[in-house]
Amino acid sequence: MNIKQMSYFIAVAEELHFGRAAERLNVAQPPLSRQIKQIEEELGALLFNRGRNAVTLTQAGERLYVRLQKILADLEDTKLEIKRLGQGAEGRLRIGFVGSSTYGVLPTIIKSFRANFPQVNLSLLPMNNAQLHRALIRREIDIAFARPALNDLEFTTRHLSKEDIVAAVPDTLETASNGVVSGEEVAANNTILYPEYPRPSFADFIIDNFERQGIQLTKRVFTMDLQTALSLVAIGEGICIVPATVASTRRVGIKFMKIGLKLEQTALSLNHRLDERGVQVNKFVTIAQQVARKTI
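In this text the structure is predicted, and so the values were computed from the model without any measurement.

About the cut-offs
- Throughout this document, residue positions are counted from 1 along each chain, in the order its sequence is written.
- Per-residue local features of the predicted model are confined to residues with pLDDT of at least 70, and side-chain atom pairs are confined, for both listing and counting, to 80 or more; whole-chain, interface and lining totals are unaffected and use all residues.
- Hydrogens and water are ignored here; the side-chain numbers use all heavy atoms of the structure.
- Starting at the N terminus, helices and strands are each numbered in turn, a helix being any DSSP run of H or I of at least four residues and a strand any DSSP run of E of at least two.
- Using C-alpha atoms as the atom set, the radius of gyration is obtained and then compared with a globule rule of 2.2 Å times the number of residues to the power 0.38.
- Here's how the labels work: a residue is buried when its accessible area is under 20% of the maximum for its type, exposed when over 50%, partly exposed in between, all with a 1.4 Å probe on protein chains only.
- Should any heavy atoms of two residues lie within 4.5 Å, those residues are counted as being in contact.
- In this analysis, the expected span of each helix is defined as 1.5 Å times one less than the number of residues it contains.
- Directions from the helix axis toward the C-beta atoms define the arc.
- Counted as a polar contact is a pair of N or O atoms within 3.5 Å, where, for protein atoms, one must be capable of donating a hydrogen and the other of accepting one, and residues adjacent in sequence contribute only when both atoms are in side chains.
- Between any two strands, at least two bridges found by DSSP are needed for them to pair.
- Every angle, taken between N-to-C directions, lies between 0 and 180 degrees, and every axis is a line fitted to C-alpha atoms, over only the stretch in contact when it is a helix.
- We define a salt bridge as a side-chain nitrogen of Lys or Arg found within 4 Å of a carboxyl oxygen belonging to Asp or Glu.

Trainee: Would you mind going over the overall build of the protein chain with me for this structure?
Mentor: The helix and strand inventory of the protein chain stands at 10 helices and 13 strands. Computed over the C-alpha atoms, the radius of gyration of the protein chain is 32 Å, more than 25% above the 19 Å expected from 2.2 N^0.38 for a compact globule of 296 residues. Taken over the C-alpha atoms alone, the protein chain extends approximately 105 × 40 × 30 Å along its principal axes. Here the protein chain holds 296 residues, and 43% of them are scored as buried. Contacts in the protein chain between residues far apart in sequence, at least 24 positions, make up 72% of those at least 6 positions apart.

Here's what the structure looks like:
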């Protein structure tokens, strides 16, 4: 039984009159009668009692009517669901991100996307750059917010924002210049760097940045992520160099200071696979770029 035959049966079952059902379907009555007869022969059951003055459903016909109503309703729901998926209005999106991005534009991007596409299920997965790279290659995530950008010929990279780097220092630390820590003062303390591995990473960006200014960071303390690094700063373990947006959130035991060097800015990037064809990804990227332009 095909969908067309199902709709023919439903029409006759609801009208209980072959002539009215034919008019409703905009078909001639003889072909409709033949289709119903063909269904009965296929199923091996009489579906209608055909009296001289009335047409009624048999018990088999009543059961088929109930089942086909559900089947056709499910089919219509499925068509609508697939259409919405195709339009990017439903589905899921797996987003990997470095921890520092949560202090910048990422929260605003997520809020904006949720407001526009509330039916899309977002999975938010904190990772370091190496994990983001591996997860994109393996198609375990759809989008990666990385710092610095992920370099791979299979990826498309969009730079969302650039910002200065600042020093997160224990609130007990005194410096020669009020509100500014010199490169030498940073080097004189433990430098808390993250992530510890794999490398190269944001840690190497910081080390290379200082070395280009003639400052060697020899007292290195490595940790796995930004939050742990900040916790170590708060207990006086050393100084951590972070993106400036991290300073937007107050933390007990920490103060943020400018660095008395001309250092390269750090960039937050959005990365996804070149062969990604998901509508949700395209819509997310569009919103992310719009938010980033308004924020800059």
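Trainee: Explain helix α3 (residues 29-43) here, please?
Mentor: Owing to its 3.6 residues per turn, the α-helix brings residues three or four apart onto one side. Over its 15 residues, α3 extends 21 Å from the first C-alpha to the last, a length consistent with the 21 Å expected when each residue adds 1.5 Å. All of the buried residues along α3 are Leu 32, Ile 36, Ile 39 and Glu 40. The buried residues of α3 occupy one face: seen down the axis, they fall within an arc of 100 degrees. In α3, the exposed residues that point more than 90 degrees away from the buried face are Arg 34 and Glu 41. Where α3 ends, the next residue or the one after it, Gly 44, has phi of about 70 degrees, a positive value.

Trainee: Hey, could you run me through the side chain of Arg 147 in this one?
Mentor: The topology assignment puts Arg 147 in the loop between β5 (143-146) and β6 (155-163). A polar contact is formed between the side chain of Arg 147 and the side chain of Thr 266, at a distance of 3.3 Å. Excluding residues that lie within four positions of it along the chain, Arg 147 makes contacts with Val 98, Ser 100, Ser 101, Asn 129, Glu 163, Phe 202, Pro 243, Thr 266, Ala 267 and Leu 268.

Trainee: Is there a simple way to explain the environment of Phe 18 in this structure?
Mentor: With respect to the helices and strands, Phe 18 occurs in helix α2 (residues 18-25). Each residue touching Phe 18, except ones within four places of it in the same chain, is listed here: Val 12, Gln 29, Leu 32, Ser 33, Ile 36, Arg 50 and Val 55.

Trainee: What is the right way to read the sheet that holds strand β11 (residues 239-243) from this model?
Mentor: Backbone hydrogen bonds hold the strands of a sheet together, and the pairing may be parallel or antiparallel. With respect to topology, six strands assemble into an open sheet ordered β8-β12-β7-β11-β9-β10, the strand pairing being mixed. The two strands at the open ends of the sheet, each matched to only one other strand, are β8 (180-181) and β10 (220-222). Summarising the sheet, strand β9 (residues 191-193) and β10 pair through three bridges and their orientation is parallel. Residue Leu 193 lies in a different strand from β10, and its bridge partner there is Phe 222. Taken strand by strand, helix α9 (residues 226-234) contacts β7 (165-170), β9, β10, β11 and β12 (254-259), and its axis lies near 140 degrees from that of β11.

Trainee: I'm lost on the pattern of salt bridges in this one. Help?
Mentor: Two side chains that carry opposite charge are able to pair once their charged atoms sit near each other. Inspection of the entire model under this criterion finds 12 salt bridges. A salt bridge links Arg 139 to Asp 275, with the shortest nitrogen-to-oxygen separation between them at 2.6 Å. Taken together, the positions of Arg 139 in the loop between α6 (129-137) and β5 and Asp 275 in the loop between β13 (266-273) and α10 (279-295) put the pair 136 residues apart, joining distant regions of the chain. Classification of Asp 275 by relative accessible area gives partly exposed; the value is 35%. Between Glu 264 and Arg 212 there is a salt bridge, and its shortest N-O distance comes to 2.8 Å. Of the two residues, Glu 264 is situated in the loop between β12 and β13 and Arg 212 in the loop between α8 (202-211) and β10; the sequence distance between them amounts to 52 residues.

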